[in-house]
Amino acid sequence: EKHGLQLQVKPVLTLANRYAGLPVFQPKVPYPGVWWTVREQKWHAQCLVGGARRNFMVKPKDHSEAELERSFKVAVAWKKKQDKEKKRKAVKPKAKPRKK
């Protein structure tokens, strides 16, 4: 107190309380590969296509239930599109017979 040490000490943020004030959302119907990131306040979708990892993030305009549902549906639609492409790339064409 005498030398102002208490004024210099600042509280340290821990992982437990760093994001304590941010809202956390769970979708009504979860979809594999799509989740809510608390830190970024976005829906995050991820998949592997042809050995490459693809990511997609969509941030709701506000935290109303309708907007959260809309942005979740956008992320799910992207994930479904990537899954279709993944299946299309996985199907290999039949080998043609070699000419002699």
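Within each chain, residue numbers correspond to sequence positions counted from 1 in written order. For this predicted model, a pLDDT threshold of at least 70 governs which residues receive local features, and a threshold of 80 or more governs which side-chain atom pairs are given and counted, while totals over whole chains, interfaces and linings are taken from all residues. Calculation of side-chain values draws on the structure's entire complement of heavy atoms; hydrogens and water are dropped beforehand.

*Asks:* Would you mind going over the pattern of salt bridges in detail, with residue names and values included?
*Replies:* Between side chains of opposite charge, pairing is possible as soon as their charged atoms come close. Within this document, salt bridges are pairs made up of a side-chain nitrogen of Lys or Arg and a carboxyl oxygen of Asp or Glu, the two lying within 4 Å of each other. Under the defined criterion, the tally for this structure stands at 3 salt bridges. Glu85 serves as the salt-bridge partner of Arg54, at 3.2 Å between the closest nitrogen and oxygen. Here Glu85 lies in helix α3 (residues 65–90) and Arg54 lies in strand β3 (residues 52–58), a separation of 31 residues in the sequence. Judged by relative accessible area, which is 24%, Arg54 ranks as partly exposed. Runs of H or I in DSSP of at least four residues are treated as helices and runs of E of at least two as strands, each being numbered from the N terminus. Any residue under 20% of the maximum accessible area for its type is buried, any over 50% is exposed, and the rest in between are partly exposed; the area is computed with a 1.4 Å probe on protein chains only.

*Asks:* Could you give an account of the sheet that holds strand β2 (residues 42–49), naming the residues involved and the relevant values?
*Replies:* The strands making up a sheet associate through backbone hydrogen bonding, with each pair oriented either parallel or antiparallel. Read across the open sheet, the 3 strands follow the order β1-β2-β3; overall the sheet is antiparallel. Taken across any chain shown, the strands that pair with only one partner, and hence form the sheet edges, are β1 (34–37) and β3. Taking the axes of each pair of neighbouring strands and ignoring which way they run, one obtains an average angle of 30 degrees across the sheet. For β1 and β2, the ladder comprises 4 bridges, and the chain directions are antiparallel. The partner of Val34 across the bridge, within β2, is Ala45. By definition, two strands form a pair when at least two bridges between them are found by DSSP. Orientation is described by axes fitted as lines to C-alpha atoms, over the contacting stretch for helices, and by angles from 0 to 180 degrees between their N-to-C directions.

*Asks:* How would you explain the packing of aromatic side chains if you had to name every residue and give the values?
*Replies:* Stacked, tilted and edge-to-face are the three classes applied to pairs of Phe, Tyr and Trp rings, where Trp contributes its six-membered ring and a pair requires centres within 6.5 Å; stacked means planes under 30 degrees apart, edge-to-face means over 60, and tilted covers the rest. If you walk through the whole model with that rule in mind, you get 4 aromatic pairs. With centroids separated by 5.1 Å and ring planes inclined at 70 degrees, the aromatic side chains of Trp36 and Trp43 adopt a geometry described as edge-to-face. Classification of Trp36 by relative accessible area gives buried; the value is 9%. Ring pairs connect the aromatic residues Phe25, Trp36, Trp43 and Phe72, which therefore count as one cluster.

*Asks:* Can you break down the environment of Cys47 residue by residue, with the values?
*Replies:* Tracing the backbone through its elements, the reader meets Cys47 in strand β2. A contact between two residues is defined here by any heavy atoms of the two lying within 4.5 Å. In contact with Cys47, not counting residues within four places along its chain, are Ala52, Arg53, Arg54, Trp78, Lys79, Gln82 and Asp83.

*Asks:* Account for the environment of Lys87, naming residues and giving values.
*Replies:* Locating Lys87 in the fold gives a position in helix α3. Taking relative accessible area as the criterion, Lys87 reaches 63% and is therefore assigned exposed.

*Asks:* Any chance you could break down the pairing of β3 for me, citing the residues and the numbers?
*Replies:* The pairing of β2 with β3 spans 7 bridges and is classified as antiparallel. Note on β3: the bridge partner recorded for Cys47 is Arg54. Hairpin connection of β2 to β3: 2 residues between the antiparallel strands, including Gly50 at a positive phi of 60 degrees.

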